[in-house]
Number of protein chains: 2
Amino acid sequence: LHGVNDAEGIKAVLEAGKAHDVVILGGGLIGVEITEALARKGCRVTIVEKRNQILHDLDWEMAKLVELHLESHGVKVLTNTIFEGFQGDGRIRGVQTSRGVLPADLAILALGIRPNAELARQAGLAIGPLGGVKVDSHMRTSDPDIYAAGDCVESVNFFTQQPCYEPFGSIANKQGRIVATNLCGAKDTFPATLHSVACQVFEYGVARSGLNEQTARDLGYEVTTVLAPSPDREHFVPGAKTLMLKLVVDTKSRQLLGAQAIGPGHPDKRIDVATMAIGGRMTVDQVANLDLCYAPRFSPVMDNLITAANIARNKLDGAMVGITPMELHRRIVNREDILLLDVRTHSEYEQERLSHSRHIPLGILRERMGELPKDKLIVAFCNISLRGYEAALILRAAGFADVRVLDGGLDMWPYEKLQ
Amino acid sequence: LHGVNDAEGIKAVLEAGKAHDVVILGGGLIGVEITEALARKGCRVTIVEKRNQILHDLDWEMAKLVELHLESHGVKVLTNTIFEGFQGDGRIRGVQTSRGVLPADLAILALGIRPNAELARQAGLAIGPLGGVKVDSHMRTSDPDIYAAGDCVESVNFFTQQPCYEPFGSIANKQGRIVATNLCGAKDTFPATLHSVACQVFEYGVARSGLNEQTARDLGYEVTTVLAPSPDREHFVPGAKTLMLKLVVDTKSRQLLGAQAIGPGHPDKRIDVATMAIGGRMTVDQVANLDLCYAPRFSPVMDNLITAANIARNKLDGAMVGITPMELHRRIVNREDILLLDVRTHSEYEQERLSHSRHIPLGILRERMGELPKDKLIVAFCNISLRGYEAALILRAAGFADVRVLDGGLDMWPYEKLQ
């Protein structure tokens, strides 16, 4: 979409009743945001994404939670699916993919965004490695009398100090002010970026900043990760909603490298605070004692970010040994011999359970631990893995060799639903 | 209240229908929070406060906005009022004050909180200057085998490095974890505090961190202040609500010293981010280019805090000369000769106006500026002081000697309503 006219064109097709089945090609930010708009208009929407997840700024397990949320609203999400062509006669009737033909009255291409640097190129200005106009920190191009800002320029990444591309309104507006300041003779500089991103997906907010786990590993960091689901305010306050938070921590320096949050409960707040910690190169030890403001209607008494930082410390200090949902999933698929230990109450277990799990409520674990094998990997869990953590401490103290806690617990385990 | 029993005692009186007129003695956090609880139960509540404002962690003009909000819910707020005694015969019938007798079936004393350090005193532990148990950063008392945490201990203030008293649940919980960590043989320290505080007052959230203007001046800082009202998300998003933000900036170092936010729109988020900036000794120039996450439903494209930081920069750089509501109010009361220039549209002016203001819409100011005196203090304003700022720039460029902008505009001018 290059302007309001394009959006009005789509709206006209919808209002003429000519679009019921819509295929979105590309599951990035734009694809997901337009999906919601179309689904709310009554369209049957399918997202076609060639990678193994949508929203690749998130790690895989976080993206899967968003996919499940989309599916709960009737949206079909096809990952690992290649677009092969359109079918139709003058009007589109279907979309050919590696998974067959999808019926379609309308298709929207949301395949990515590239800097429009054509004018700069014609003017002989330097272009960066990502195709955007090259600027210095003052937003000055290779011609000292020409400045550039916004979606056409390249920025610098905080971690790599290498060029990156950040086509976001928040970036463009700040850069615009810097250009104006510098043109007027004062001096202002645009800093390196953390890739802070947010979007709304039906009831879920999605926000992230810094490095995700995959990118951090690709850059050579040894990382410790945390999945921490908990209410966004005191659980007794009406309207409290679950926030699902992931932290990525540099194991060596204990610095926070990145954070991702999703859920109906104020993810943007926690990510903005995390952004400050990441940009300030703060350790999780510092984050755990941040003097954030507290009232029961605004946060738990230990804010979600503080709790997540404390989980990271427990892991870094060896008190907690976790296993990520992705890793556990891989091992289950590989038919490894793992004991899944559910330590929730009987009524919780009756409501929902993992197949092949063993159930011993935490309160009677000490009496019944003799039933468990001492030499096998035991993965303890509850809904959020607090009781799972306690169970693991009890078993490890009793000499069980390899007890781990399912990171994030059942609240962040979308895998059985995805099969 | 020393436990749930006390709260249940109050509830029993209410449910027996024996309390209609309630007087709260003390307009601090507890007094204000209990006011809301009682007003929602149908009581006629009066707050009696001896100082010239409630919630003295806020600056005066911010507290006045909260007082107006309380009054809009039928609560009577009596500041500058001294409690003199109770009237009644076995049961309370009235409260005697310096402003006369207030009818009362129930009175609640919310006069402050003192550390309960009696046990520590009896044990011979060192007590600090504020009456709390003296602890080091490891939460260890003067006896190396005894630790203390929570409302009975003194903390250290970030700015003064002097003892302070922070009886908040968020502090107590963090300190509790530190004590446990240290008892178990590991090492953790509790940092200096920023006095981050939040509470809810009907539809308003109230949050603050760092130094307020008065405290900063008392500590010898030369300060620049900002009042910045603006929507908490993009103005076109349904549910956008005004956030009223105040920043206190050290004029010399340009560092953010403190922030206060009130309003229905997510003040806690901005104060938590501000807390990070204050604790990180960031300048407003750094705050103005923070890489906060953005989507229209989460914030304006320039977040409220970023906009406020830019206003601070405009002031520090001499582009904007402001006048605080408090200062303007003082001058009006002193009958100084000031021209109040309202530059809003005709329809806005028809709806609400300041008495004795002169009205020239911004769009025709250049044509009509000849009508204005060049040698008199002109205070330009609109609703939020953006157009007021533009008007001031136009007039100053045209040679008007002393043009200032009303900080925060009419949105943060509660004074005529308070007369």
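Thresholds, definitions, all that
- Residues numbered from 1 in each chain as written.
- Chains lettered and ligands numbered in written order.
- Predicted model: local features only at pLDDT ≥ 70, side-chain atom pairs only at ≥ 80, totals over all residues.
- Heavy atoms only, no water.
- Helix = DSSP H or I, 4+ residues; strand = E, 2+ residues; numbered from the N terminus.
- Rg over C-alpha atoms; globule rule 2.2 N^0.38 Å.
- Buried < 20%, exposed > 50% of the residue type's maximum accessible area, 1.4 Å probe, protein only.
- Contact = heavy atoms within 4.5 Å.
- Lys, Arg positive; Asp, Glu negative; His and termini not counted.
- Charge placed at Lys NZ, Arg CZ, Asp CG, Glu CD.
- Core = buried A, V, L, I, M, F, W, Y, C linked by side-chain atoms within 4.5 Å.
- Buried area = accessible area lost by both parts, 1.4 Å probe.
- Salt bridge = Lys/Arg side-chain N within 4 Å of Asp/Glu carboxyl O.
- Polar contact = N/O pair within 3.5 Å; in protein donor to acceptor, adjacent residues only side chain to side chain.
- 1 Å grid on protein atoms, 1.4 Å probe; cavity = no way out; pocket = protein on both sides within 12 Å on 5 of 7 lines; lining within 4 Å.
- Points joined across faces, edges and corners; volume = space filled by probe spheres on them.
- Nonpolar A, V, L, I, M, F, W, Y, C, P; charged D, E, K, R; others polar.
- Pairing = 2+ DSSP bridges.
- Axes fitted to C-alpha atoms, helices over the stretch in contact; angles between N-to-C directions.
- Least-squares fit on C-alpha atoms with pLDDT ≥ 70 in both.
- Phe/Tyr/Trp six-rings, centres within 6.5 Å; stacked < 30°, edge-to-face > 60°.
- pLDDT = per-residue confidence, 0-100.

Asker: How should I be thinking about the overall build of chain A in this particular structure?
Answerer: The number of helices and strands found in chain A is 14 helices and 19 strands. Over its C-alpha atoms chain A spans a radius of gyration of 24 Å, differing by no more than 12% from the 22 Å that the globule rule assigns to 419 residues. Along the three orthogonal principal directions, the C-alpha set of chain A runs to about 75 × 55 × 40 Å. Within the span of chain A, comprising 419 residues, buried residues form 55% of the whole. Counting only contacts in chain A whose residues sit at least 6 apart along the sequence, the fraction spanning at least 24 positions is 59%. Of the side chains in chain A, 46 bear a positive and 51 a negative charge, and the two mean positions are spaced by 1 Å.

Asker: Hey, could you run me through the nonpolar core in this one?
Answerer: If you look at the biggest cluster of nonpolar residues, it comprises 107 residues, and the most contacted ones within it are Leu247, Leu341, Leu365, Leu372 and Leu395 of chain A together with Leu247 of chain B. Top contributing element to this core by residue count: helix α9 (residues 304–316) of chain A, with 7 residues. Ignoring sequence-local partners within four residues, the contact set of Leu372 of chain A consists of Leu339, Leu341, Arg358, Ile360, Leu365, Ile378, Leu395 and Phe400 of chain A.

Asker: What am I meant to see in the interface of chain B and chain A here?
Answerer: Much of the literature gives interface size as the accessible area that the parts lose upon coming together. Taken together, the contacts link 50 residues of chain B with 50 residues of chain A. Buried area between chain B and chain A, both sides added, is near 4200 Å², and the carbon and sulfur share of it is 57%. Remark: the boundary between chain B and chain A carries 8 salt bridges. The partner of Asp272 of chain B in a salt bridge is Lys269 of chain A, with the nearest N and O atoms 3.7 Å apart. Counting the contacts that link chain B with chain A gives 22 residue pairs in polar contact (both at pLDDT 80 or more). Residue assignment for the side of chain B that touches chain A shows that the elements contributing at least two residues are α5 (169–183), β10 (197–201), β11 (204–210), α7 (267–279) and α9 (304–316) of chain B. It is α7 of chain B that contributes the most residues to the side of chain B that touches chain A, 8 residues altogether.

Asker: What am I meant to see in empty space enclosed by the protein here?
Answerer: Over the atoms, a rolled probe matching the size of one water molecule traces out where space is still vacant. Applying the stated rule across the entire model yields 3 cavities of 30 Å³ or more. There is about 60 Å³ of room inside the largest cavity. As for the largest cavity, its lining consists of Leu29, Leu55, Asp57, Leu58, Val197, Ala198, Cys199, Val206, Ala207 and Arg208 of chain B. Sorting the residues of the lining of the largest cavity by element identifies β10 and β11 of chain B as the ones contributing at least two each. The class makeup of the residues in the lining of the largest cavity is 8 nonpolar, no polar and 2 charged. Here the second largest cavity is characterised by a volume of approximately 40 Å³. As for the second largest cavity, its lining consists of Ser170 and Lys174 of chain A together with Leu292, Cys293, Tyr294, Ser299, Pro300, Val301, Asp303 and Ile306 of chain B. Taken together, the residues of the lining of the second largest cavity break down into 6 nonpolar, 2 polar and 2 charged.

Asker: Sorry, what's going on with the environment of Ala308 of chain A here?
Answerer: Residue and element names in this part refer to chain A. Looking at where Ala308 falls in the secondary structure, it is placed in helix α9. Residue classification places Ala308 among the buried positions, given a relative accessible area of 0%. Apart from the residues lying within four places of it in its own chain, the contact partners of Ala308 are Val226, Ala228, Leu245 and Leu247.

Asker: Hey, could you run me through the sheet that holds strand β17 (residues 357–359) of chain A in this one?
Answerer: Backbone hydrogen bonds are what pair the strands of a sheet, in a parallel or an antiparallel way. All names here are of chain A. Spatial strand order, β15-β19-β18-β16-β17: 5 strands in an open sheet with parallel pairing. Both outer strands of the open sheet, β15 (322–323) and β17, are each paired with one neighbouring strand and no more. Bridge count between strand β18 (residues 377–381) and strand β19 (residues 403–406): 3 bridges; the pairing is parallel. For Val379, the partnering residue across the bridge sits in β19 and is Arg404. In the packing of helix α13 (residues 386–397) onto the sheet, the strands contacted are β16 (338–342), β18 and β19, and the crossing angle to β19 comes to about 180°.

Asker: It is not clear to me how the relation of the copies chain B and chain A should be interpreted in this structure. Could you clarify?
Answerer: The operation relating the two chain copies consists of a rotation about an axis and a shift along that axis. Expressed as a screw transformation, the operator carrying chain B onto chain A has a rotation angle of 180° and an axial translation of 0.0 Å, and the superposed copies differ by an RMSD of 0.1 Å. Such values leave the two copies arranged in the relation of a two-fold axis. Mapped onto chain A, 100% of the interface residues of chain B again fall at the interface, so both copies present the same surface.

Asker: What's the story with the sheet that holds strand β14 (residues 256–263) of chain B in this structure? I'm lost.
Answerer: Residue and element names in this part refer to chain B. Across the sheet, which stays open at both edges, the 5 strands sit in the order β10-β11-β14-β13-β12 with antiparallel pairing between neighbours. Bordering the open sheet on either side are β10 and β12 (223–231), each of which pairs with just one other strand. Across this sheet, the average inter-strand angle for adjacent strands is 10°, counted without regard to direction. Sheet topology places β10 next to β11; 5 bridges connect them, and they run antiparallel.

Asker: Would you explain the packing of aromatic side chains in this entry?
Answerer: The description of an aromatic ring pair rests on the distance of the ring centres and on the angle between the ring planes. Per the counting criterion, the structure on display carries 4 aromatic pairs over all chains. Centroid distance Phe83 of chain A to Phe86 of chain A: 5.0 Å. Interplanar angle 55°. Geometry classified as tilted. A relative accessible area of 36% means that Phe83 of chain A is categorised as partly exposed. By relative accessible area, Phe86 of chain A is classed as partly exposed at 44%. Taken together, a centroid distance of 5.1 Å and an interplanar angle of 90° make the contact between Phe158 of chain B and Phe159 of chain B edge-to-face. Accessibility expressed as a relative area gives 12% for Phe158 of chain B, which makes it buried.

Asker: I keep staring at the environment of Val287 of chain B and nothing clicks. Help me out?
Answerer: One can find Val287 of chain B in helix α8 (residues 284–287). On the accessibility criterion, Val287 of chain B (1% relative accessible area) is buried.

Asker: Would you mind showing me how to read the side chain of Ser209 of chain A here?
Answerer: Residue and element names in this part refer to chain A. Assignment of secondary structure puts Ser209 in strand β11 (residues 204–210). Look at Ser209 and you get buried, because its relative accessible area is 0%. At 2.8 Å, the side chain of Ser209 forms a polar contact with the side chain of Ser196. Of note is the side chain of Ser209, whose polar atom sits 3.1 Å from the side chain of Thr275. Apart from residues lying up to four places away in sequence, Ser209 is in contact with Leu194, His195, Ser196, Leu257, Gly258, Ala259, Ile271, Thr275 and Ile278.

Asker: I tried to follow the confidence of the model for chain A on my own but got confused; where do I start?
Answerer: Any residue range with low pLDDT should be treated as having predicted coordinates unsuitable for detailed reading. Within chain A, residue pLDDT values average 95, and 99% of them lie at 70 or more. Across the interface, the model reports ipTM at 0.95; the global pTM reads 0.96.

Asker: What should I look at first to understand the pairing of β11 of chain B in this one?
Answerer: In summary, the side chains of a regular strand alternate between the two faces of the sheet. Residue and element names in this part refer to chain B. Counted residue by residue, β11 has 7 buried out of 7 residues, so it is predominantly covered. Remark: 2 residues form the turn of the hairpin made by β10 and β11, two consecutive strands paired antiparallel; Phe202 in that turn has positive phi of roughly 50°. As paired elements, β11 and β14 share 6 bridges and run antiparallel to each other. Looking at the pairing, Val206 lines up with Ile262 of β14.

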